[in-house]
Amino acid sequence: MPKNIDPPQGQAAIEEAAHLFPRMRFSHRQGAYAEGRYVAISADPRWNADERTFCVQLSCLAFGHRRIEWERLALHIAPEDSHNGVHVLTRLDARGQALVPNLSPGEYRLTLRLRPTRRASVLSPDPDRLAAQGEDEREARQVWRGESEDGALWWSIEATEEGDVQIAFETSVERLAGAAVVFSLIDPTNQQIRHSHHLTLEPTRLPGKWEAWCSLGSRAEYQGPYELEFEILGSDGSPL
Amino acid sequence: MNQMEKLEDILDAWHKAVRESDKRALWRTLARGGWLQACRTAVQQQDRVTLTDWLDETHTTQQEVIQFNGPQAAQTVYTHLACSLAACEANVPTRVLTPPGFCRDLSLALLGQPLRQAERDLSMTVLLVDTARNEGVVATLILELLLHGSEELYPTPELAFLRDDDFRQAENHARASLEQTSFADQHKDVRWRLQRRDNKPLTSLSGPSMGAAFALGIGKLCAE
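Bear in mind the structure is a predicted one, so any value in this text is a computation, not a measurement.

Looking only at helices and strands, one finds one helix and 17 strands in chain A. Within the span of chain A, comprising 240 residues, buried residues form 30% of the whole.

Okay, here's the thing in C-alpha cells:
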C-alpha cells in the first residue's frame, strides 16, 4: 500500500518558484533574478578556471523567515535550443540552493518540479576482473532495485548476463495503470542527463499488475555510475 | 541464476521471481538450455506425472511460466514437454509430434543419444552482431542434409529457444525456398547449427539477416 506523503511546508512559495523559474533565462554572460510575493530566485553564473565552461549557483530565498522544504526538489536546466547541448537535472538542498559545476556557454532555461525526488545510484562500474577469469566466462547479472517515494512503484535496472542494460518499472496500484514514467540517468559528477526516456505502465499477463520496461542498449555504452531519477505522470502530464 | 536441472527447479525459481524483470531473467536462463536440461532430467527419471502436469492447461502456475514469453516460445516449450513425454512412453511414436524432423532430433537429445546422421553437410562463415557489446562476431553456420524428412529446416535443440520472431520468419522464408529447388521431392530435412568462432555461447538470435545465408546454403547443399 502506498504511504501517505504530507505536502511540503511552504507549498505556496514552492509553487511560486515553480511559476517564476520558467520565465528566467541565464547564460554564461548574464545571470537572472526574479521575485514574487513569497520568494526570490536567482541564477548566478561564473566562469570556471578552464575559461571554456561555467558554473551557476541557483538560489531560492523565501521571504519572512518561513521554513520551506526545498530539499530534493529537482531543477531541470535545458539549453534554449533544446535539441542542442546538454540537459542538467540538479536538486535543491535544504537551503534552497544548487550548484551546477559545468555548463557549456549558451543560454539556458529552468523548470522546477513540485515534489521531492528520490535518487539512487545505479550501474556502478564492473568490479575488476580477476586475472584467472576466462575471457569467455559469462558475466553475472547485475541488478539495482528500489521503489518510489510512496512505495507504489518498484523499479529495477539491470545489466543482463549478455551485457544488455534494461530498466523496468512495476506497480500493483491500479491508479497508476496507464501512467507515464519519465526517467533520467544522471552523471553524478556534473548532474548532466546522460539518458532520458518516457515509458507507459501497461498491463502484464497477470491481472492487477502493470509494467513499463525497455532495453537501453549495451552495457559498453553505460559505464556508470549514474543516478536514476524518475517521476510518474498522469495522462494530462501532471505528476501523480 | 542457477541452471535449471529439473522442472521442479523451474517452479521454485518462478515462485521466487516476484518482479517481472526477475521472471524475464529466469526465462533467459530457461531459453539458454534450462528447458532442455529440465526435460532431459524428466526423461531420465521417467517422470511422466510432472510432464503431464506441465502439459495440463488447468495447472495455472505451469501455464504462467510457459506463456510468459509469448505464444511462439510457449509452443516450443509444449513441443519439448510432448517430446519428453513421448520419450518416456515407448508406445507414443515420435512421428505424431510436429514438426516431425525437429521432434525426432529433440527426442534423441532428450534421451542423450546422438542426433540424426547427416547425409552431407556444408559450413559457411557468417558475421553476427553482438548487440550487447557492439561488436561483430565471426561464426560458422553448418547446414546438414538429412534423409527421411519432410523438407523441414530446423535448428539443433540447443538453439531452439534463442530465435526471435524476425529470425524465425527468415528461417521460414529460406525453408520456402526449398520448394523451388530439386530438394522439394526428395523427402529430406536440413538441420542447422551455429557456433561462434570464439566458442562463447550464443545467447540470442535476432533479426532477419541470417535468411540470405540459409537460402544460399540450402541452394549449395541441394546442388551438390
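Back to the text.
Let us now look at helix H6 (residues 100–110) of chain B. All names here are of chain B. Here H6 lies mainly inside the structure; eight of its 11 residues are buried. Among the residues of H6, Gly101, Phe102, Cys103, Arg104, Asp105, Leu106, Ala109 and Leu110 are the ones counted as buried. Each element contacted by the buried residues of H6 is listed here: helix H2 (20–44), helix H5 (71–88), strand S2 (135–146), strand S3 (153–155) and strand S4 (189–196). A positive phi of about 75° marks glycine 112, the residue just after H6.

With that out of the way, let us pick up the domain arrangement of chain A. Residues and elements named next belong to chain A. For chain A, the domain assignment lists domain 1 (11–116) and domain 2 (120–233). Distance from the C-alpha centre of domain 1 to the C-alpha centre of domain 2: 28 Å. Facing 11 residues of domain 1, the contacting portion of domain 2 comprises nine residues. Only strand S6 (88–91), strand S7 (97–103) and strand S8 (107–116) provide two or more residues apiece to the side of domain 1 that touches domain 2. Here the side of domain 1 that touches domain 2 is built from residues that sort into seven nonpolar, three polar and one charged.

All names here are of chain A. Read from one edge of the open sheet, five strands run S10-S11-S12-S16-S15, paired in antiparallel fashion. The sheet terminates laterally at strand S10 (142–147) and strand S15 (202–203), the two strands that pair on one side only. Where strand S11 (residues 153–159) lies against strand S12 (residues 164–171), seven bridges are found, and the strand directions are antiparallel. Opposite glutamate 158, over in S12, you have glutamine 166 as the bridge partner.

On to the interface of chain A and chain B. When the parts of a complex come together, some accessible area is lost, and that lost area is often used as the size of the interface. At the interface, 20 residues of chain A touch 17 residues of chain B. At the level of elements, S11, S12 and strand S16 (210–218) of chain A are the ones that each hand at least two residues to the side of chain A that touches chain B. The element that contributes the greatest number of residues to the side of chain A that touches chain B is S12 of chain A, accounting for four residues. Looking at side-chain class alone, the side of chain A that touches chain B contains four nonpolar, six polar and 10 charged residues.

Moving on: the nonpolar core. All names here are of chain B. If you look at the biggest cluster of nonpolar residues, it comprises 55 residues, and the most contacted ones within it are Cys39, Phe214 and Ile218. If you tally residues by element for this core, the top one is H2, at 11 residues. A domain split of this core shows at least three residues from each of domain 1 (7–110) and domain 2 (120–223). When residues no more than four places from it in sequence are discounted, the contact partners of isoleucine 218 are Leu143, Ala174, Ser177, Leu178 and Val190.

Another point: the pairing of S4 of chain B. Residues and elements named next belong to chain B. The pairing of S2 with S4 spans eight bridges and is antiparallel. Counted as the bridge partner of glutamate 144 is arginine 191 from S4. Sheet analysis places S3 next to S4, joined by three bridges and oriented parallel. Considered in S4, the bridge of proline 155 is made with tryptophan 192.

Below, the discussion takes up the sheet that holds strand S3 (residues 39–47) of chain A. Residue and element names in this part refer to chain A. Spatially, four strands are ordered S2-S3-S4-S7 in an open sheet, and the strand pairing comes out antiparallel. If you trace the sheet from one side to the other, it starts and ends with strand S2 (32–35) and S7, each paired once. The sheet shows a mean angle of 10° between the axes of neighbouring strands, direction not considered. Pairing geometry for strand S4 (residues 54–62) and S7, over five bridges, is antiparallel. Each residue of the ladder has a partner; that of glutamine 57, found in S7, is leucine 99. Relative to S3, helix H1 (residues 11–20) is tilted by about 50°, and along the sheet it contacts S2, S3 and S4.

This part takes up the environment of lysine 188 of chain B. Mapped onto the elements, lysine 188 of chain B comes out in the loop between helix H7 (165–178) and S4. Along the chain, lysine 188 of chain B and glycine 101 of chain B lie 87 residues apart, while their C-alpha atoms are 9.2 Å from each other.

So, on to unusual backbone geometry. Negative phi characterises most residues that are not glycine, and trans characterises most peptide bonds. The step from glycine 224 of chain A to proline 225 of chain A runs through a cis peptide bond, and the omega angle for that step is 0°. Mapping proline 225 of chain A onto the fold places it in the loop between S16 and strand S17 (226–233). Non-glycine residue glutamine 191 of chain A carries a positive phi angle of around 65°. When you line up the elements, glutamine 191 of chain A lands in the loop between strand S13 (180–186) and strand S14 (193–200). Positive phi, close to 60°, is recorded for glutamate 151 of chain B, a residue that is not glycine. Relative to the helices and strands, glutamate 151 of chain B is located in the loop between S2 and S3. A residue is classified by how many C-beta atoms lie within 10 Å of it, and glutamate 151 of chain B, with 18 of them, is partly exposed.

Reading guide: rules and limits
Residues numbered from 1 in each chain as written. Chains lettered and ligands numbered in written order. Predicted model: local features only at pLDDT ≥ 70, side-chain atom pairs only at ≥ 80, totals over all residues. Helix = DSSP H or I, 4+ residues; strand = E, 2+ residues; numbered from the N terminus. Buried ≥ 20, exposed ≤ 12 C-beta atoms within 10 Å, placed from the backbone. Contact = placed C-beta atoms within 7 Å. Domains from an automatic or database assignment. Nonpolar A, V, L, I, M, F, W, Y, C, P; charged D, E, K, R; others polar. Pairing = 2+ DSSP bridges. Core = buried A, V, L, I, M, F, W, Y, C linked by C-beta atoms within 7 Å. Axes fitted to C-alpha atoms, helices over the stretch in contact; angles between N-to-C directions.

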